[in-house]
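Analysis of the macromolecular model
Here's the letter readout for the chains.
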Amino acid sequence: MLLLGLTGSIATGKSTVSSILSSPPYSLPIIDADKIARQVVEPGTPGYQAIVSHFSPTTPDLLEEPSPETGGDAGPNGKGRPLNRPALGKRVFGAGKEADRKVLNSIVHPAVRKEMYRQMLMAYIKGSWAVVLDVPLLFESGWEPLCGTIMVVGVRDPEVQMQRLMKRDGHLTHEDASNRVASQWDVRDKAARAVARGPSRGVVVWNDGDINDLHANLNREMDKIRNSSPRWWAWFLLLNPWWMSVVASWNYLRGWWSKRQWEQSKVKEKAKL
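I will try to describe carefully the structure that is included in this document. Everything numeric here is computed off the predicted structure, so don't read it as measured data.

The next thing to look at is the packing of helix α3 (residues 46-55) against helix α5 (residues 98-125). Relative orientation of the contacting elements α3 and α5 amounts to 160°, with a least axis distance of 9 Å. Taken together, the axes of α3 and α5 are roughly antiparallel relative to one another. In this structure, the crossing between α3 and α5 has a hand that is right-handed. Here α3 contributes G47, A50, I51, H54 and F55 to the contact with α5, which in turn contributes D100, V103, L104, I107 and V108. Looking at the contact of α3 with α5 residue by residue, the classes come out as 7 nonpolar, 2 polar and 1 charged.

Where helix α7 (residues 174-182) is concerned, the buried positions are D176, A177, R180 and V181. In a view along the axis of α7, the buried residues occupy a sector of 130°, so they form one face of it. Within α7, the exposed residues directed more than 90 degrees away from the buried face are E175 and A182.

A few words on the pairing of strand β4 (residues 149-154). Successive residues of a regular strand alternate their side chains across the two faces of the sheet. Most of β4 is tucked away: 6 of the 6 residues are buried. Side chains T149, M151 and V153 project from β4 onto one buried face, and the interleaved I150, V152 and G154 project onto a second face that is buried too. As defined by bridge partners, strand β1 (residues 2-8) adjoins β4 across 5 bridges and the pair is classed as parallel. Looking at β4, one finds that L6 is bridged to M151. Pairing analysis gives 5 bridges linking β4 to strand β5 (residues 202-206), with the strands arranged parallel. Across the sheet, the residue bridging to V152 is V204, located in β5.

On inspection of all chains with the given rule, the structure shows 13 salt bridges. For R193, the salt bridge is made with E144, and the minimal N-O distance between the two is 2.6 Å. In this pair, R193 sits in helix α8 (residues 187-195) while E144 sits in the loop between β3 (130-134) and β4, placing the two residues 49 residues apart along the sequence. Like E144, R193 is buried.

Cut-offs applied
- For every chain, the first residue of the written sequence is number 1, and numbering continues from 1 onward in sequence order.
- A pLDDT threshold of at least 70 governs which residues receive local features in this predicted model, and a stricter bar of 80 or more applies before side-chain atom pairs are shown or counted, although totals over entire chains, interfaces and linings include all residues.
- Heavy atoms from the whole structure form the basis of all side-chain values; hydrogens and water molecules are not counted.
- To get an axis, a line is fitted to the C-alpha atoms, and for a helix only the part in contact is used. The angle between two axes follows their N-to-C directions and goes from 0 to 180 degrees.
- Secondary structure elements are taken from DSSP: a helix is a run of H or I of four residues or more, a strand is a run of E of two residues or more, and numbering for both begins at the N terminus.
- Relative orientations are named as follows: roughly parallel for angles under 35 degrees, roughly antiparallel for angles over 145 degrees, roughly perpendicular for angles from 65 to 115 degrees, and oblique for any other angle.
- Note on convention: the crossing is left-handed when the near helix lies turned anticlockwise from the far helix by less than a right angle, right-handed when the turn is clockwise.
- Note on contacts: a residue pair is in contact if any heavy atoms of the two residues lie within 4.5 Å.
- Residues were grouped as follows: Ala, Val, Leu, Ile, Met, Phe, Trp, Tyr, Cys and Pro as nonpolar; Asp, Glu, Lys and Arg as charged; and all remaining residues, including Gly, as polar.
- Whether a residue is buried, partly exposed or exposed follows from its accessible area with a 1.4 Å probe, protein chains only, as a fraction of its type maximum: under 20%, in between, or over 50%, in that order.
- Each C-beta atom gives one direction from the helix axis, and the arc is the one those directions make.
- Pairing between two strands is assigned when DSSP locates at least 2 bridges connecting them.
- Criterion for a salt bridge: a side-chain nitrogen of Lys or Arg within 4 Å of a carboxyl oxygen of Asp or Glu.

Structure representation (structure tokens):
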């Protein structure tokens, strides 16, 4: 089974690509890290309790306002009011807030990883030829070595990204949008890192145009991926777990080596400055 890592940056179209891949003719199972990240911080979960404990003293509006519609102070399920995500976002995004963002990630990421591994196992048992790991921070959070192929959804023009973000999230000012974009790695660097992995192991879907352009670019890259990892190969590995473990180990080593080579090249670039 191919682990297809899907990533990008905020407002580059990754979610749209994920939706297309989940529908015919691809119909691939999607493991959505963002969706799982919301689930693991719902009221009553350990993640929710940790976030409230750490951030509520300095973030008065951390929780949604109580109302009869949302269950009042007890929340809709009696386990607490939901997190006020815009308020939490302002609390952790922006210059000088790296420490707070690190705390939030340390709470959310371990719980997300556990659930993602569970869903990967289920997709393998069901015989899927590929499963999409929809992870916005795929490179940053260490998923790169596990992925046989990484697909980056990017835009060449940074202004396109800014305009899409403000259109999507109407409550954001230009400064808010700029802070959120700046808090992530430049998507063009992510694209270069994916391509450096080699043909079919790293692909880029550019999304500066309209939805028709996106479909055409995605279909072209998916044809390359399917040719390099056909369905019969997935079934062979499913029926031969020993070979599956060998192939998975080999892919991990190749992914780890690609990651190491990229990081070393960046160190050399900085040394030349």
